[in-house]
Amino acid sequence: MSTDRGLTPVVGKTLEIGIVLLYVALVTTALYGGVVPHARSDAAGVVGDRALAAAATSVEDAVPAVPASAVTVRERVSLPDSLRGRPYEIRASGRTLVLESAAPGVGGRATLSLPSRVRAVNGTWHGGRTAVVVVRGNASGLRVALEGGDG
Amino acid sequence: MTAAEVRGAGRRPSEQRGQANLLAVGVALLLVTGALGVAVAFSDGAFAGVDRTAGDRRLADSLAARVVASDGPLAARENVLRRDAVENLTPASFEDAFPAARGHAVRVALDGHTLVRTGDATGGETVRRIVLVARRQSRTYAPAFGAGVDLTLPRRTGALDLVVRPPPGTVVRTVRADGRIVLRDPDGLRGAYRVRVSRYRTTTVAVDANGSLPAGSVRVTAHPSVTEKATLAVTVDG
């Protein structure tokens, strides 16, 4: 029996490699099967909330605080490219911004707090494209538009 | 006997000794699993405890900004609220004035005293701002005027109401505020007038007449505003 004793380390290492590989495969499956997607969805929901709040703040800040006879404001808005790797859009609906995405758990509405001289808010921003808020008008009425810019 | 057999002879009983490493591997994997479990538990806790009220905070911030904006329905000027408007707030009038508050539970408080509450806002996100609360008051002065006798108003005001009733035979030709002629009639001023003066400087009123003006012939009513500091708290809870 002592003649095949030399095989012992080979068998041992092979077994170890096999067990570790099996373990890694198991853990990877468990993590990517449940834990990681769950965490990504959670993170996407939070990031979506923040992005929507940031977008609403940008729109509100773009409107001048004091009535002016002629207003033209163009401001770039910084938004995430995608939420959970999926495209999304922020749409103006009345005086509300609506966040919509195909990703589950991502979405929401933000009511805009704007002065009464703002007549209308229109337009849509798409994730990944340049987002610009444009305010035009005069002392009696302002129009706010969410536009995609050219960079 | 070969040399190998000699060395092996001493350790003869450990037939299973060959794969003792596997035990160490097992323990190591167990430890890794434990660490992984702890890490996953921590990350789950972090996601569970994350602040998901970004929207509430944003709305509270923008409502507070609207309340103190210079063209807001409650503001006299930027960061200055009108006491009468603030005290007569109702949930309906508040939602009319600030449509963004519709559909949300909002509480507005001044120095901890609730001005208006829509819905059931108990917890939630609160944004505080330091504001001034202005109260208008009217003060009437009716001193005797004469050459070199002027009236300096103790508080600044934006407008003056004057009632000129000179005694018979006396003609009031001009009224000056800070040296500027604000009222003039060569035939004589008589009756009630309103003049605008600068809110940014102390006003001195001088009256030119062809005779003496006893106390009460010219009554000057000023409308100074008295401001107090206060903390405005806007709470949004869903």
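Residues numbered from 1 in each chain as written. Chains lettered and ligands numbered in written order. Predicted model: local features only at pLDDT ≥ 70, side-chain atom pairs only at ≥ 80, totals over all residues. Heavy atoms only, no water.

A. Structural detail: the overall build of chain B. A count of helical and extended segments in chain B gives five helices and 14 strands. Taking 2.2 N^0.38 as the reference for a compact globule, 238 residues should give roughly 18 Å; the C-alpha atoms of chain B span a radius of gyration of 40 Å, well beyond that estimate. By principal-axis analysis of the C-alpha atoms, chain B measures approximately 150 × 40 × 25 Å. Taking all 238 residues of chain B together, the buried fraction comes to 34%. (Helix = DSSP H or I, 4+ residues; strand = E, 2+ residues; numbered from the N terminus. Rg over C-alpha atoms; globule rule 2.2 N^0.38 Å. Buried < 20%, exposed > 50% of the residue type's maximum accessible area, 1.4 Å probe, protein only.)

B. Highlighting the overall build of chain A. Summing up its helical and strand segments, chain A has one helix and seven strands in all. Reading the secondary structure of chain A in the N-to-C direction produces α-β-β-β-β-β-β-β. Relative to its length of 151 residues, chain A is extended, with a C-alpha radius of gyration of 27 Å against a globular reference of 15 Å. For chain A, the spread of C-alpha atoms along the principal axes amounts to about 100 × 25 × 20 Å. Per-residue burial for chain A yields a buried fraction of 38% across its 151 residues. Counting 16 positive and 12 negative side-chain charges, chain A places the averaged centre of each group 5 Å from the other. (Lys, Arg positive; Asp, Glu negative; His and termini not counted. Charge placed at Lys NZ, Arg CZ, Asp CG, Glu CD.)

C. Quick look at the packing of helix α1 (residues 8-62) of chain A against helix α2 (residues 20-48) of chain B. Their axes nearest at 11 Å, the elements α1 of chain A and α2 of chain B cross at an angle of 5°. Between α1 of chain A and α2 of chain B, the angle falls in the class roughly parallel. When the residues that make up the contact of α1 of chain A with α2 of chain B are grouped by side-chain class, the tally is 16 nonpolar, three polar and three charged. (Axes fitted to C-alpha atoms, helices over the stretch in contact; angles between N-to-C directions. Parallel < 35°, antiparallel > 145°, perpendicular 65-115°, else oblique. Nonpolar A, V, L, I, M, F, W, Y, C, P; charged D, E, K, R; others polar.)

D. Spatial organisation of α1 of chain A. For α1 of chain A, spanning 55 residues, the distance from its first C-alpha to its last is 75 Å, which sits close to the expected 81 Å at 1.5 Å a residue. Y32 of chain A marks the point of greatest bend in α1 of chain A, at about 45°. (Expected span 1.5 Å × (residues − 1). Bend = angle between axes of the 7 residues up to and from the residue.)

E. Representation of the packing of aromatic side chains within the structure. Residue and element names in this part refer to chain B. Under the criterion given, the structure shown has one aromatic pair over all chains. Between F94 and F98, the aromatic rings sit 5.0 Å apart at their centres with planes inclined by 45°, giving tilted as the arrangement. The same class applies to F94 and to F98, which are both buried. (Phe/Tyr/Trp six-rings, centres within 6.5 Å; stacked < 30°, edge-to-face > 60°.)

F. Highlighting the interface of chain B and chain A. Opposite the 30 residues of chain B that make contact, chain A presents 36 residues. Of the roughly 2700 Å² buried between chain B and chain A, counting both surfaces, carbon and sulfur atoms make up 59%. Our enumeration of links across chain B and chain A arrives at two salt bridges. The residue R58 of chain B makes a salt bridge to E60 of chain A at a minimum N-O spacing of 2.6 Å. (Contact = heavy atoms within 4.5 Å. Buried area = accessible area lost by both parts, 1.4 Å probe. Salt bridge = Lys/Arg side-chain N within 4 Å of Asp/Glu carboxyl O.)

G. Expanded view of the sheet that holds strand β1 (residues 71-77) of chain A. Residue and element names in this part refer to chain A. Ordered in space as β1-β6-β7-β5-β2-β3-β4, the seven strands form an open sheet in which the pairing is mixed. Each having just a single partner strand, β1 and β4 (107-111) make up the two edges of the open sheet. When strand polarity is set aside, the average angle formed by the axes of neighbouring strands in this sheet is 15°. Alignment of strand β3 (residues 96-101) against β4, held across five bridges, turns out to be antiparallel. (Pairing = 2+ DSSP bridges.)

H. The sheet that holds strand β7 (residues 151-152) of chain B, seen in detail. Strands sit in the order β7-β12-β9-β10 (chain B) across an open sheet of four strands; the sheet is antiparallel. Across the chains shown, the open sheet's two edge strands, defined by having one partner strand only, are β7 and β10 (180-184) of chain B.

I. Spatial organisation of the nonpolar core. Counting residues in each nonpolar core, the largest one holds 31 residues, and the members touching the most others are V59, L79, I90, L97, W125, V135 and V144 of chain A. Elements with a contribution of two residues or more to this core: α1, β1, β2 (88-93), β3, β5 (118-126), β6 (131-137) and β7 (142-148) of chain A. In terms of residue count, the dominant contributor to this core is α1 of chain A (six residues). By size, the runner-up hydrophobic cluster in this structure holds 27 residues, among which are L89, A101, V116 and V133 of chain B. (Core = buried A, V, L, I, M, F, W, Y, C linked by side-chain atoms within 4.5 Å.)

J. Broad picture of the pattern of salt bridges. Residue and element names in this part refer to chain B. Overall, the coordinates contain 15 salt bridges over all chains when judged by the stated rule. For the salt bridge of E87 with R83, the shortest nitrogen-to-oxygen distance reads 3.4 Å. Linking E87 with R83, this pair stays in helix α4 (residues 83-87), spanning four residues, or about one helical turn. Two residues, D161 and R194, come together in a salt bridge whose shortest N-O distance is 2.9 Å. Pair noted here: D161 is in strand β8 (residues 159-164) and R194 is in strand β11 (residues 191-196), with a separation of 33 residues, a long-range link. Given the relative accessible area of 22%, D161 is considered partly exposed. Where salt bridges share partners, they join R83, E87, R135 and E228 into one cluster.

Note that every value here comes from positions in space, so none of it alone points to a role or purpose.
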